[in-house]
Amino acid sequence: MHIFGVDIGGSGIKGAPVDLDRGDLADERYKVLTPHPATPDAVADGVKEVVDHFGWTGPVGVTFPGVVTGGATIRTAANVDKSWIDVDARALLGERLGGLPVTVLNDADAAGVAEIQFGAGRDRQGTVLLLTFGTGIGSALFSDGVLVPNTELGHLELDGHDAETRASTKAKDDHELTWEHWAKRVTKYLAHVEMLFSPELFIIGGGVSRKSHKFLHLIEGIKAEIVPAQLQNNAGIVGAAMRAAKGG
């Protein structure tokens, strides 16, 4: 069964048909740059370009980098234009895609459900936390495989700052941090999250997951097991398609 997934990020909008039997992309993903400013209309145009690239005419799952309630309404917009807040993204994108059925969910939640079903969290019980490191820090919290949606743990306070401004990969790039220096910030962040939630497993996702060999061994003193996301940066696309297959 193939369903289309789109992952809206702070830097790129990427998508592809997903083979839901395998939990993997059915075709090479197509990506466009996220517009700046990332207004609803501009981003919707980017989503349309990605979907149209494949000539897709079925259901579409779309991730969003912020809180999404009811599979439709945007409540926060930390890394895109603030004009997204209170927008019915399902209606906007559905109209832009010519009436295709659209489902919208938080980007980290999408990556998490994919990793729980097909990746590093498969068959894991207890408390599992997926954290996506990219333009910001996204989070997906699971208890015995059940998602607690819209946790947004990237906005916890760390050293008096929004955590994602200190420990995201954007922060690493902006401040030209070495892997060692960045790993120290990530360690401090993970220790704070661990104190609050006591997970058995941290899954590290986002684009940086494919470079886990550069930093995971530098993270010390965390009791939970720490592993890279197996679906890496495709997890959000797969999770969006999974949610669309369920109809929201």
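Worth saying up front: this structure is predicted, and the values here are computed from it rather than measured. (Residues numbered from 1 in each chain as written. Predicted model: local features only at pLDDT ≥ 70, side-chain atom pairs only at ≥ 80, totals over all residues. Heavy atoms only, no water.)

## Describing the environment of Ala-110
So the rule is basically this: Secondary structure elements are defined from DSSP: runs of H or I of at least 4 residues count as helices, runs of E of at least 2 residues count as strands, and each element is numbered from the N terminus. Accessibility here uses a 1.4 Å probe with only protein chains present; expressed as a share of the type maximum, an area under 20% marks a residue as buried, one over 50% as exposed, and anything in between as partly exposed. Residue contacts follow a heavy-atom distance rule, with two residues in contact if any of their heavy atoms lie within 4.5 Å.
Note that Ala-110 resides in helix α3 (residues 107–118). By relative accessible area, Ala-110 is classed as buried at 0%. In sequence terms Ala-110 and Ala-241 are 131 residues apart; their C-alpha atoms lie 8.7 Å from each other. Not counting chain neighbours up to four residues away, the residues in contact with Ala-110 comprise Thr-63, Leu-105, Ala-235, Gly-236, Gly-239 and Ala-240.

## Quick word on the pairing of strand β8 (residues 102–106)
Which entries qualify depends on this criterion: Here a strand pair is declared whenever DSSP counts at least two bridges between the two strands.
Across the five residues that make up β8, a large majority, five, are buried. Alignment of strand β5 (residues 60–64) against β8, held across five bridges, turns out to be parallel. Bridged to Thr-63 within β8 is Leu-105.

## A word on the pattern of salt bridges
The test is simple: Salt bridges are defined by distance alone: a side-chain nitrogen of Lys or Arg within 4 Å of a carboxyl oxygen of Asp or Glu.
The tally for this structure, following the rule as stated, stands at 11 salt bridges. Residues Asp-19 and Arg-22 are paired through a salt bridge, measuring 3.1 Å at the closest nitrogen-oxygen approach. Taking relative accessible area as the criterion, Asp-19 reaches 13% and is therefore assigned buried. Close ionic contact of Arg-96 with Glu-95 constitutes a salt bridge, the shortest N to O distance being 3.8 Å. Arg-96 gets classed as buried once you look at its relative accessible area, which sits at 18%. Of the residues examined, Glu-95 reaches a relative accessible area of 53% and is grouped as exposed. Bridged by salt links that share partners, the residues Asp-41, Asp-45, Glu-95 and Arg-96 form one connected network.

## Here's the deal with the packing of aromatic side chains
In plain terms, the rule: In this scheme Phe, Tyr and Trp rings, the latter by its six-membered ring, pair at centre separations within 6.5 Å, and the angle between planes marks the pair as stacked below 30 degrees, edge-to-face above 60, and tilted otherwise.
Inspection of every chain in the model, using the stated rule, returns eight aromatic pairs. Here Phe-133 and Trp-182 contribute two aromatic rings whose centre-to-centre distance is 5.8 Å and whose plane-to-plane angle is 85°, an arrangement assigned as edge-to-face. Taken together, the residues span a long stretch of sequence, with Phe-133 in strand β9 (residues 127–133) and Trp-182 in helix α6 (residues 179–197) at a distance of 49 residues. The same class applies to Phe-133 as to Trp-182, namely buried. Their ring planes at 90° and their centres at 6.3 Å tell us that Phe-133 and Tyr-189 sit as a pair that is edge-to-face. Within this pair, whereas Phe-133 is found in strand β9, its partner Tyr-189 is found in helix α6, the two being separated by 56 residues in sequence. A residue is classified by how much of its surface remains accessible, and Tyr-189, at 0% relative accessible area, is buried. Chaining the aromatic ring pairs together yields one cluster made of Phe-133, Trp-179, Trp-182, Tyr-189 and Phe-215.

## Considering the nonpolar core
Rules: To qualify as a nonpolar core, a set must consist of buried Ala, Val, Leu, Ile, Met, Phe, Trp, Tyr and Cys residues joined through side-chain atoms within 4.5 Å.
If you look at the biggest cluster of nonpolar residues, it comprises 28 residues, and the most contacted ones within it are Val-6, Ile-13, Val-47, Val-51, Val-60 and Trp-84. Among the elements that take part in this core, helix α1 (residues 40–53) stands out by supplying five residues, more than any other. The contact partners of Trp-84, leaving out residues within four places of it in the chain, are Ala-38, Thr-39, Pro-40, Val-43, Phe-64, Ile-74, Ala-77, Ala-89 and Leu-92. Leu-20, Val-227, Ile-237 and Ala-244 belong to the second largest nonpolar core, which has 26 residues in total.

## Quick look at the environment of Gly-136
Within the secondary structure layout, Gly-136 lies in the loop between β9 and β10 (137–143). Residue classification places Gly-136 among the buried residues on the basis of a relative accessible area of 11%. With 53 residues separating them along the chain, Gly-136 and Tyr-189 place their C-alpha atoms 13 Å apart. Non-local contacts of Gly-136, meaning those with residues more than four positions away in its chain, are made with Asn-79, Glu-164 and Ser-168.

## A word on the packing of α1 against helix α2 (residues 89–96)
Put simply, the rule reads: Axis lines are fitted through C-alpha atoms, for helices just across the contact stretch, and the angle between N-to-C directions can take any value from 0 to 180 degrees. By definition in this entry, angles of less than 35 degrees are roughly parallel, angles greater than 145 are roughly antiparallel, angles of 65 to 115 are roughly perpendicular, and the rest are oblique. Each helix crossing is assigned a hand: it is left-handed if the near helix lies turned anticlockwise from the far helix by less than a right angle, otherwise right-handed if that turn is clockwise. When residue character is reported, Ala, Val, Leu, Ile, Met, Phe, Trp, Tyr, Cys and Pro are called nonpolar, Asp, Glu, Lys and Arg charged, and the others, Gly included, polar.
Between α1 and α2, the least distance of the axes is 9 Å, while the angle of their chain directions is 50°. One way to sum up the angle between α1 and α2 is to call them oblique. Here α1 runs over α2; the crossing is right-handed. Contacts between α1 and α2 involve Pro-40, Asp-41, Ala-44, Asp-45, Val-47 and Lys-48 from the former and Leu-92, Leu-93 and Arg-96 from the latter. Residue classes in the contact of α1 with α2 are distributed as five nonpolar, no polar and four charged.

## Here's the deal with the sheet that holds strand β11 (residues 146–148)
Sheet strands pair by backbone hydrogen bonding; their relative direction is either parallel or antiparallel. If you trace the five strands from one edge of the open sheet to the other, you get β11-β10-β9-β14-β15, paired in mixed fashion. One side of each edge strand has no neighbouring strand; the edge strands of this open sheet are β11 and β15 (225–228). Averaged over all pairs of adjacent strands, the angle between their axes in this sheet comes to 25°, without regard to strand direction. Sheet topology note: the strand β14 (residues 201–205)/β15 ladder contains four bridges and is parallel. Residue pairing in the sheet places Leu-201 in a bridge with Glu-225 of β15. α3 rests against β9, β10, β11 and β14 of the sheet, and its axis sits at about 45° to β10. Here α6 sits on the sheet in contact with β9, β10, β14 and β15, set at roughly 150° to β9.

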